[in-house]
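Working through the structure, step by step
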Amino acid sequence: MGAERAFYVCTECGESSAQWLGRCPACGNFGTMSRESREPPGRRTTLAVSRPLRMVELGGEAPRLQVGIPELDRVLGGGVVPGSLVLLGGEPGIGKSTLLLQAAYALSEGGAKVLMVSGEESAAQIASRARRIGCLHPDLYLLCETDLERVEEAARELEPRVMIVDSLQTVRCPEMDSAPGGVNQMRECVLRFQGLAKDSGSAVFLVGHVTKEGLLAGPRLVEHMVDCVLYFEGERFDSLRVLRAVKNRFGSVSEVGIFEMTDGGLREVEDPSRHFLDRRPQPVSGTATAVVMEGRRPLVVEVQALVVPSRLPAPKRVSTGIDHRRLAIDVAVLERKGRIKLDDRDVYVGISGGLHILEPALDLAVCAAVASSRRDRALPPGTVLVGEVSLTGEVRPVSRMEERLREASRLGFSTAVLSARSRARTSRLDMDILEVDDVKGALARLGIYAADR
Ligand code: TYD
Ligand code: MG
């Protein structure tokens, strides 16, 4: 056996080098190259199929195990697949441990044996939390351990249907001398959990912490190795939590699950549109309502804008819940094409309920809310606006218009403003449809067009 040679691996991207470098040559991050020793040789999971098979003769989809929390089951693509590896990422304190504790309880209630492994909290802490939020169950096992081999041993002994590892960054493979959370450690641990899942048919949930930059602490490498990557998101000071799939080998990635953090743990939000809507007896200026798609689900949300005189040479454009570049574009289009003077005003825009929305279908409502605040005129009551706004000021049609309008109609909205090029079949809806070509036209129809500037 030759002398153990050290080498260096970037903790962000997994690039390796024989010498230490101050800056990673692959991803360009500084100070991320950390010392590792060679991986133990010879341990690799191999696929059971080693000769070509006719695909039609292979078995169909494995039956899924329902967790019993519908919002979570939907994001997983209809339940968890036995033998699969699911990574749950999210910032510290967002509620990952709580979500998985509740999932563990729901699974036990459904008759599945569950093993929770925690390297982060003490058994007493977890049990007391479980008791407090009503998640104690005789078929729910807890192991506080960070040693990978002992975790594997416990899993072999107990044979759980589902295993939860909280967190991946605290588990340590004793044969490797590097610290837990390093690239090699994590890769090895994921490989071993993969082997365990495939051999035993247990589904394994791995918790992964996310750094401020939005990446899973450590390499993205882990994301490539697992079957399913879920992110749990939300604002720290808001009770709303959104569960999103960013990768799913067994389903769609457009689904989201919506929860609220309460004193008694996470609660599913059953009628999100109602939840996000700020109801007022009288319409106020600076608000506009849009219908966006979160996954396959339409969601009615309110855009709030505040436009105030600015003392700055470059007035502020501040957004929460929408992309700031998007806001800058909408403001520029309003100014140039909508004839709303904003170059001497600060503009603040937010979304009610703490949601973060990327969909361009929100543009028209953003423009209307800003114009409404600038002109201090409220939009007509009961109106929703759905449309993307192009740089030319045109209002463009968006997908799934009928579903969106049905949702708005269900919540009592009576008028919809949308693109004249939208081919939505709206005749069966009990709504007035205002078709518009451009932002200027939309503002005119809403009574907030400023012909005088
Ligand atoms: P936790 O699940 O520990 O987060 P993570 O595992 O992602 O780090 O949740 C931590 C936060 O959730 C904590 O700040 C307190 C809050 N919380 C509640 O508000 N209600 C509850 O019932 C529980 C269990 C937690
Ligand atoms: Mg935790």
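Conventions we followed
Residues numbered from 1 in each chain as written. Chains lettered and ligands numbered in written order. Predicted model: local features only at pLDDT ≥ 70, side-chain atom pairs only at ≥ 80, totals over all residues. Heavy atoms only, no water. Helix = DSSP H or I, 4+ residues; strand = E, 2+ residues; numbered from the N terminus. Contact = heavy atoms within 4.5 Å. Areas by Shrake-Rupley, 256 points an atom, 1.4 Å probe, with all protein chains shown as cover. Lys, Arg positive; Asp, Glu negative; His and termini not counted. Charge placed at Lys NZ, Arg CZ, Asp CG, Glu CD. Polar contact = N/O pair within 3.5 Å; in protein donor to acceptor, adjacent residues only side chain to side chain. Near = heavy atom within 4 Å. Nonpolar A, V, L, I, M, F, W, Y, C, P; charged D, E, K, R; others polar. Buried < 20%, exposed > 50% of the residue type's maximum accessible area, 1.4 Å probe, protein only. Phe/Tyr/Trp six-rings, centres within 6.5 Å; stacked < 30°, edge-to-face > 60°. Expected span 1.5 Å × (residues − 1). pLDDT = per-residue confidence, 0-100. Pairing = 2+ DSSP bridges. Axes fitted to C-alpha atoms, helices over the stretch in contact; angles between N-to-C directions.

Focus on the overall build of the chain
- The helix and strand inventory of the chain stands at 11 helices and 21 strands.
- Overall, the C-alpha framework of the chain stretches about 85 × 50 × 50 Å when taken along its three principal axes.
- Long-range contacts, defined as pairs at least 24 residues apart, comprise 67% of the intrachain contacts of the chain with a sequence gap of at least 6.
- Entry remark: accessible area of the chain is about 21,900 Å², with carbon and sulfur atoms responsible for 49%.
- If you average the places of the 60 positive and of the 61 negative side-chain charges in the chain, the two averages end up 5 Å apart.

Digging into the side chain of Arg244
- Along the polypeptide, Arg244 turns up in strand 10 (residues 240-248).
- Within the structure, the side chain of Arg244 is placed 3.3 Å from the side chain of Glu294, a separation counted as a polar contact.
- Setting aside residues no more than four positions away along its own chain, Arg244 makes contact with Val75, Val229, Leu230, Tyr231, Glu233, Glu255, Val256, Glu294 and His356.

Some remarks on the site of ligand 1
- The local shell around ligand 1 holds 16 residues, among which Gly93, Ser97, Thr98, Thr262 and Gly265 are the closest.
- Ser97 has a polar side-chain atom sitting 2.7 Å from an oxygen atom of ligand 1.
- Measuring from an oxygen atom of ligand 1, one finds a backbone N or O atom of Asp263 at 3.1 Å.
- When ligand 1 sits alone it has 560 Å² of accessible area, and the protein chains cover 73% of it.
- Among the secondary structure elements, those contributing two or more residues to the shell around ligand 1 are helix 2 (96-109), helix 3 (123-132) and strand 11 (256-262).
- Considering each element in turn, the shell around ligand 1 owes the most residues, three residues, to helix 2.
- Across the shell around ligand 1, the residue classes break down as four nonpolar, seven polar and five charged.

What to know about unusual backbone geometry
- With an omega dihedral of 5°, the bond running from Asp166 to Ser167 counts as a cis peptide bond.
- Examined against the element boundaries, Ser167 turns out to sit in the loop between strand 7 (162-166) and helix 5 (183-200).
- At Glu159, a position not held by glycine, the phi torsion is positive, near 50°.
- Counting through the fold element by element, Glu159 comes out in the loop between helix 4 (148-158) and strand 7.
- The backbone phi angle of Asp376 is positive, close to 50°, even though this residue is not glycine.
- Positionally, Asp376 belongs in the loop between helix 9 (363-375) and strand 17 (383-386).
- We classify Asp376 as exposed; its relative accessible area is 60%.

Here's the deal with the packing of aromatic side chains
- Under the defined criterion, the tally for this structure stands at one aromatic pair.
- Between Phe232 and Phe259, the aromatic rings sit 6.0 Å apart at their centres with planes inclined by 80°, giving edge-to-face as the arrangement. With Phe232 in strand 9 (residues 228-233) and Phe259 in strand 11, the pair connects residues that are 27 residues apart, well separated along the chain.
- Classification of Phe259 by relative accessible area gives buried; the value is 2%.

What about the environment of Asp437?
- As for its position among the elements, Asp437 is in the loop between strand 21 (432-436) and helix 11 (439-445).
- Considered as a pair, Asp437 and Ala369 are 68 residues apart in the sequence and their alpha carbons are 18 Å apart.
- Setting aside residues up to four positions removed in sequence, Asp437 forms contacts with Glu394, Val395 and Ala420.

Some points on helix 5
- In this model helix 5 runs 26 Å from its N-terminal to its C-terminal C-alpha over 18 residues, within 8% of the 26 Å that 1.5 Å per residue would give.
- The buried fraction of helix 5 is high, at 14 of 18 residues.
- Positive phi appears at Gly201, one or two residues downstream of helix 5, with a value of about 80°.

Side note on the confidence of the model for the chain
- Within the chain, residue pLDDT values average 87, and 91% of them lie at 70 or more.
- The low-confidence segment residues 40-47, where pLDDT is below 50, has 10 contacts with residues more than four positions distant or belonging to other chains.

A word on the sheet that holds strand 21
- Pairing within the open sheet is mixed, and its seven strands lie in the order 15-16-14-13-17-20-21. The two strands at the open ends of the sheet, each matched to only one other strand, are strand 15 (317-320) and strand 21. Averaged over all pairs of adjacent strands, the angle between their axes in this sheet comes to 25°, without regard to strand direction.
- Where strand 20 (residues 415-419) and strand 21 come together, five bridges link them in parallel fashion. Across the sheet, residue Ala416 finds its bridge partner in strand 21, namely Ile433.

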